[in-house]
Structures are given as C-alpha cells and as structure tokens.
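Listed below, chain by chain, are the residues.
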Number of protein chains: 2
Amino acid sequence: MRRSIAAQAVSGNSRLGDPNLARLADPELAERRRRQIMDAAIACFRRRGFHQATMAEICAEAEISAGALYRYFSSKADIIGAIAEDKRGENDEAFMRAAEQHGFIAALCLSARSFFEKFAEGDGALIAEIMAEAIRDNAVSEPLRTTDSASVQIFIRALVAAQARGEVDATLDPEIATNTLFATLEGIGLRRAFCRETDVEAAISQFRALAERYLEPRK
Amino acid sequence: MRRSIAAQAVSGNSRLGDPNLARLADPELAERRRRQIMDAAIACFRRRGFHQATMAEICAEAEISAGALYRYFSSKADIIGAIAEDKRGENDEAFMRAAEQHGFIAALCLSARSFFEKFAEGDGALIAEIMAEAIRDNAVSEPLRTTDSASVQIFIRALVAAQARGEVDATLDPEIATNTLFATLEGIGLRRAFCRETDVEAAISQFRALAERYLEPRK
DNA sequence: ACCTGAACACCGTTCAAGT
DNA sequence: ACCTGAACACCGTTCAAGT
C-alpha cells in the first residue's frame, strides 16, 4: 500500500530525528527513492529472507548505489521497519466496511483470510523476522506500534458496535478482546507456517471456531 | 533440560547424516562438548540475540576454538535448532501431573505461566528468531517438529480425558483444539512482547479467559 | 544536494598444522 | 581423534571524490 507524504508525516516517522537524513531537499524525490528501495527490498526479502538478503542485492534490484541507499534508510533494520509499517493497516478500510455490512465475525474472517494468504505465499518467515526485530529493537517497534494501535482502535470500535447489537458478549473488555484476537491470528499463522500447513481454508475455519466461541454472548 | 545421549539418539537427531560429524569417536565427549557449546550460546543469544551474537563470542564463552565448535555443530543455525529442541518438552511432565490432579485448564495455565515467564525474562525476541529460522530452514524445523509433536500428543491425551470428564466440550477435535491452544499461547506471548507488556499475571488471565470460553462445553 | 563505488570493519566458516 | 587459530570469503556501512 502506497502512502502519501502527508500520511507519512502524520504517522510516527522514526526518521525525522535522524541527522543523516535531515538534509533531504526534495521530499518528492525522497519518497520516490524510499519506495524504490522498499520495493526492491521486499522482492529480495521474499526470495531469501531478511538476514540472507544482502544490501548489495537490494541495491542492484533498486538500481541504486550503496551510498545512495544509506541516504534514505539508516540501516537494514530500518528498511524492514518501514516495510512492516507500510503493510499494516492495508486491510483496515475493507474490514470496516465488512463489519458494517456483514457483522464483526465475518469481517474478522475476511481479515484473517488476507493475513493467512500471506503465510501461504511464503511470507511467514519474514513476518516472524519482523516480529523478532521489533521485539529486539525499539527503533523498529516504535513506528510499528503506532500503526498497530490505529488498527486496534478500528477493531475496538467495530467490536463495541457488535456488542451493542448483541452479536458479541458485552462483558468482554473490548481492548483486551481485540488484542487477544490479533494475538491468536498471528499465533495460528505462525504455528501453521512452522508445521508446514498451507491450507488457507483450514486456517480460517480454525480461527473462526476459536473466535466464535470466544466472542459468543454468555447467558 | 539435559537430555541423555540415549534420548538424543531416539528423537530425530539431524546430525546423524552429517559427514563432518561422522567421525566422533567418544560419544560422551561429544555430548559434553555439545552441552558446553549450547550453554555458552544460550548465554550469548540471551544477551545479544541470535544474529547479533558472534561465533567468536560463543567460542570465548565456551572456552573452545572455532574449529572445535564446528566439529560439533555444522552452523550457527544448527546451534539454535539444538537449543530449541532441547528446551521443548521441559514442562510436559509437570503438565501431565497437573492435568491429572487439577484438571486440564489449570494445567494449561501452569504451562502458560512458565512460557510467559520466558517472555518476561527477555527471551521473546529469541523465541521469535527461532520461529523465523524454523519457518525458513527445514534443517532447523524438522527436529523441532518432532519434539513439538511429542508435546502435542501429551496435550491431546489430557484433552481427551478432560472431554470424557465433561470438563471440555466433547465436540472439539482434540488435535485441532490442541494446536489452536499452542498457537494462542505463542501468539499472546509474542504480541505482548511486541507491545512491551511484561505483566505475567495479566498474560495468564488473558489466556485463561480465551481458553475457558473456547473449551467450555456447549449445550 | 545527490550520487558512486572503493575501502573498512567485521563475522561465519574452513583448513593446514599441531598434539 | 581432537584441537588451534590464522586465513578466506563475504557483508553492512562509511566516506572521499564526482556531478
């Protein structure tokens, strides 16, 4: 998902304080270069993984020199952080519409599908690597948490609406429940990738069964 | 958890076919050296992470030369694989006893506690890195899956017993339910590490609420 | 300002030489 | 057989020099 420069400026941009990147004159060129490098890096990371892919490969793929790359990203970890930040929130709009039209659980399963499809396409290890890098490195996780929070807020709103409709148990704390759902989604995706199970439909029905029982109104 | 040489030989040992390691004469020395290297690596990985820790550091910590290390492990990934394999199943015995005495869900929360404590102690990134490495590299994941299967089998047996007692919904498929519980455990641990939430009690109650609702008998 | 690419520092792995 | 440690191949990052 491409994001406008305005959107970049609004959300937490970890590069603002970087002295190395402070003297970029043309913001449009900067955005184009970042996009160019990120696209190249995505291709390389998917092919070989974050730690296997080399900066030389990314430079070749982006048709740029190493020196130029480091004008726009301060490190390899910075690139993966930007990629992850960019990918999050892609499905938020689709989720919101689906939640209004088909209910919370149906919308949840729609998000689950697009998430599980990434694992089936072989992005599982990359997602785990991003996770590891984010847990280890605050510089990676901080901007990611900002984006994550935005998604969580959207899901919380939809969950509260579903509780008001009686679709979801009203005694659940909306924030905890949302975080739990996000956690189970990631957990199921990672575990299935670990077990080499690539059936997306099976993953969705596994997640759906869990979500339905968790969210079901008690009496 | 230290495992006997016999146990090593029984479970899937990925080194058997390695030509480099074929001519180890004294199996007792080999086991001692492997232990020595793994303990040193655990210390280094915990301090600095899998990719940050260098082989030189591990060699220094283990008081062994680089050449000697490579007699017992074929690569850095091989070491993390052996560590992960070694750590799995540590709690299986404790779980089994607790399941018989205090019921399935209580035993589950006991396992959850020791798992979440690892995250609180700062092993979250390492667990994610092991996950990533296992997803990416079959040589890492194969022995891990063997150990994982053994744990799953134990939990399945306890789950079936709990279903027979009416403690857990009998319509749940035991294998799917067990895998789902493992996935949610990992997912909650990783997500909380990502969010920098280190409260173990909160993690357990989050997991317990999910597990209780998921497993509760329907009518 | 923006870029290039050689140079630097470092790290995983190997291998000739020693006991 | 078991070990050492220098050497090798490679990679992330920097920086002097060019436009």
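As the structure is a computational prediction, the values presented were derived from the model and not from experiment.

1. Re a negative patch on the surface
Together, Asp173(A), Glu175(A), Glu197(B) and Asp199(B) make up a region of like negative charge exposed at the surface. Counting through the fold element by element, Glu175(A) comes out in helix H9 (residues 174–194).

2. Points about the pattern of salt bridges
Two side chains carrying opposite charge are able to pair once their charged atoms lie near each other. Applying the stated criterion across every chain, the model contains 25 salt bridges over all chains. One salt bridge in this structure joins Arg35(B) and Asp86(B), with 3.0 Å as the shortest N-O distance. In this pair, Arg35(B) sits in helix H2 (residues 27–48) while Asp86(B) sits in helix H5 (residues 76–87), placing the two residues 51 residues apart along the sequence. Counted as one network, the salt bridges with shared partners bring together Glu216(A), Arg218(A), Glu216(B) and Arg218(B).

3. Thoughts on unusual backbone geometry
All names here are of chain A. For Arg196, which is not glycine, the phi dihedral falls at a positive 60°. Locating Arg196 in the fold gives a position in the loop between H9 and helix H10 (200–215). Residue Arg196 is classed as partly exposed on the basis of its relative accessible area of 30%.

4. A few points about the domain arrangement of chain A
Residue and element names in this part refer to chain A. Along its sequence, chain A is organised into domain 1 (5–70) and domain 2 (76–215). Centre-to-centre, using C-alpha coordinates, domain 1 lies 26 Å away from domain 2. Across the boundary between the two partners, domain 1 contributes 18 residues, which contact 17 residues of domain 2. Here domain 1 packs against domain 2, burying approximately 1,600 Å² in sum over the two surfaces, 60% of which is carbon and sulfur. A salt bridge links Asp123 to Arg46, with the nearest nitrogen and oxygen atoms 3.5 Å apart. Here domain 1 and domain 2 share 5 residue pairs in polar contact (both at pLDDT 80 or more) between them.

5. With respect to the protein's contact with DNA strand C
Taken together, 20 residues surround DNA strand C, and among them Arg33(A), Ser65(A), Tyr72(A), Met55(B) and Tyr70(B) come closest. Among the atoms of DNA strand C close to the protein, meaning within 4 Å, 74% are from sugar or phosphate groups. One of the side-chain nitrogen or oxygen atoms of Tyr72(A) is found 2.6 Å away from a phosphate oxygen of DNA strand C. At 2.5 Å from a phosphate oxygen of DNA strand C is found a main-chain nitrogen or oxygen belonging to Met55(B). Within the surface near DNA strand C, the residues separate by chemical class into 10 nonpolar, 5 polar and 5 charged.

6. Some thoughts on the protein's contact with DNA strand D
Lining the immediate surroundings of DNA strand D are 20 residues, of which Met55(A), Tyr70(A), Arg33(B), Ser65(B) and Tyr72(B) lie closest. Within the side chain of Arg33(B), one N or O atom sits 2.4 Å away from a phosphate oxygen of DNA strand D. Within the side chain of Tyr72(B), an N or O atom sits 2.6 Å from a phosphate oxygen of DNA strand D. For the surface near DNA strand D, the class distribution of residues is 10 nonpolar, 5 polar and 5 charged.

7. Overview of the relation of the copies chain A and chain B
Of the two same-sequence chains, chain A is brought onto chain B (RMSD 0.0 Å, axial shift 0.0 Å) by a rotation of 180°. Accordingly, the operation relating the two chain copies is best matched by a two-fold axis. Among all residues of chain A, the minimum C-alpha distance to the rotation axis is found for Gly187(A), at 1.9 Å. Interface overlap between copies: 100% of the residues of chain A at the interface are likewise at the interface in chain B, consistent with a symmetric, same-surface contact.

8. With respect to the UniProt feature "DNA-binding region" (unreviewed entry) in chain A
UniProt records the feature "DNA-binding region" (unreviewed entry) at residues 54–73 of chain A, using the numbering of this structure. Within residues 54–73 of chain A, the helical portion is 75% and the strand portion 0%, while the C-alpha atoms at the span's ends are 15 Å from each other.

9. Examining the interface of chain A and chain B
In this assembly, 47 residues from chain A lie in contact with 47 residues from chain B. At the boundary of chain A with chain B, total buried surface from both sides reaches about 4,100 Å², with 59% on carbon and sulfur atoms. At the boundary of chain A with chain B, the tally comes to 10 salt bridges. With its nearest N and O atoms 2.8 Å apart, the salt bridge here joins Arg136(A) to Glu129(B). Counting every contact that joins chain A to chain B gives 23 residue pairs in polar contact (both at pLDDT 80 or more). Of all the secondary structure elements, the ones that give two or more residues to the side of chain A that touches chain B are helix H2 (27–48), helix H7 (104–136), helix H8 (138–164), H9 and H10 of chain A.

10. Description of the side chain of Arg191(A)
The topology assignment puts Arg191(A) in helix H9. Taking relative accessible area as the criterion, Arg191(A) reaches 3% and is therefore assigned buried. Setting aside residues no more than four positions away along its own chain, Arg191(A) makes contact with Met131(B), Asp148(B), Val152(B), Asn179(B), Phe182(B), Ala183(B) and Glu186(B).

Definitions and cut-offs
- Residues numbered from 1 in each chain as written.
- Chains lettered and ligands numbered in written order.
- Predicted model: local features only at pLDDT ≥ 70, side-chain atom pairs only at ≥ 80, totals over all residues.
- Heavy atoms only, no water.
- Patch = residues over 30% accessible without salt bridge, like charges linked within 9 Å, V, L, I, M, F, W, Y side chains within 5 Å.
- Areas by Shrake-Rupley, 256 points an atom, 1.4 Å probe, with all protein chains shown as cover.
- Salt bridge = Lys/Arg side-chain N within 4 Å of Asp/Glu carboxyl O.
- Lys, Arg positive; Asp, Glu negative; His and termini not counted.
- Charge placed at Lys NZ, Arg CZ, Asp CG, Glu CD.
- Helix = DSSP H or I, 4+ residues; strand = E, 2+ residues; numbered from the N terminus.
- Buried < 20%, exposed > 50% of the residue type's maximum accessible area, 1.4 Å probe, protein only.
- Domains from an automatic or database assignment.
- Contact = heavy atoms within 4.5 Å.
- Buried area = accessible area lost by both parts, 1.4 Å probe.
- Polar contact = N/O pair within 3.5 Å; in protein donor to acceptor, adjacent residues only side chain to side chain.
- Near = heavy atom within 4 Å.
- Nonpolar A, V, L, I, M, F, W, Y, C, P; charged D, E, K, R; others polar.
- Least-squares fit on C-alpha atoms with pLDDT ≥ 70 in both.
- UniProt positions renumbered as here; feature names shortened; annotations may be inferred.

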